[in-house]
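# Commentary on secondary and tertiary structure
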Amino acid sequence: MNKIRDGDLYKIITLFGQVFELRYGYYEEYERGSTEPIPIYPNFKQKPVYTNEGFPFVTQMQELCEYGESKFLDGCCADCKYYKDGEDLIGICTNRKNKRA
């Protein structure tokens, strides 16, 4: 079996009209050399991406936004009532307050 390397393709997924290419890598520089690369998910807070209808993409592990509603005190997007699941930890926020005009 081939060893996974930084930059190798993890998978390509199509969600709600957008295509995402997920690659292996590291979130932090200090992780290099001490762990194997892992799938890196888009940072939608830094680079927002929207559906054709204007809803923002989010990852399940993102922190709740100011409009998020979760039954957990330290909830994340996956716990929010506005989260609509997509595939492989990526979904969309269906809260109209976050919709792009």
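Cut-offs used in this document
- Every chain is numbered independently, its residues counted from 1 as its sequence is written.
- Local features in this predicted model are restricted to residues whose pLDDT is 70 or higher, and side-chain atom pairs enter the listing and the counts only when it is 80 or higher, whereas totals over whole chains, interfaces and linings include all residues.
- The side-chain figures draw on all heavy atoms in the structure; neither hydrogens nor water molecules are used.
- Every helix listed is a DSSP run of H or I at least four residues long, and every strand listed is a run of E at least two residues long, numbered separately from the N terminus.
- Here the term buried applies to any residue with accessible area under 20% of the maximum for its type, exposed to any over 50%, and partly exposed to those in between, with areas from a 1.4 Å probe on protein chains only.
- The contact criterion used throughout is that any non-hydrogen atoms of two residues lie within 4.5 Å.
- The positive count covers Lys and Arg only, the negative count covers Asp and Glu only, and His and the chain ends enter neither.
- Charge positions are represented by NZ for Lys, CZ for Arg, CG for Asp and CD for Glu.

### Describing the overall build of the chain
Looking only at helices and strands, one finds zero helices and six strands in the chain. N-terminal to C-terminal, the α/β element order of the chain is β-β-β-β-β-β. Counting the 101 residues in the chain, one finds 29% classified as buried. Relative to all contacts within the chain whose residues are 6 or more apart in sequence, the contacts with residues 24 or more apart total 43%. Mean positive and mean negative side-chain charge positions of the chain (14 and 16 charges, respectively) differ by 7 Å.

### Points about unusual backbone geometry
Phi at Asp88 takes a positive value of approximately 50 degrees, unusual for a residue other than glycine. Residue classification places Asp88 among the buried positions, given a relative accessible area of 19%. At Leu89, a position not held by glycine, the phi torsion is positive, near 75 degrees. The topology assignment puts Leu89 in the loop between strand S5 (83–87) and strand S6 (90–93).

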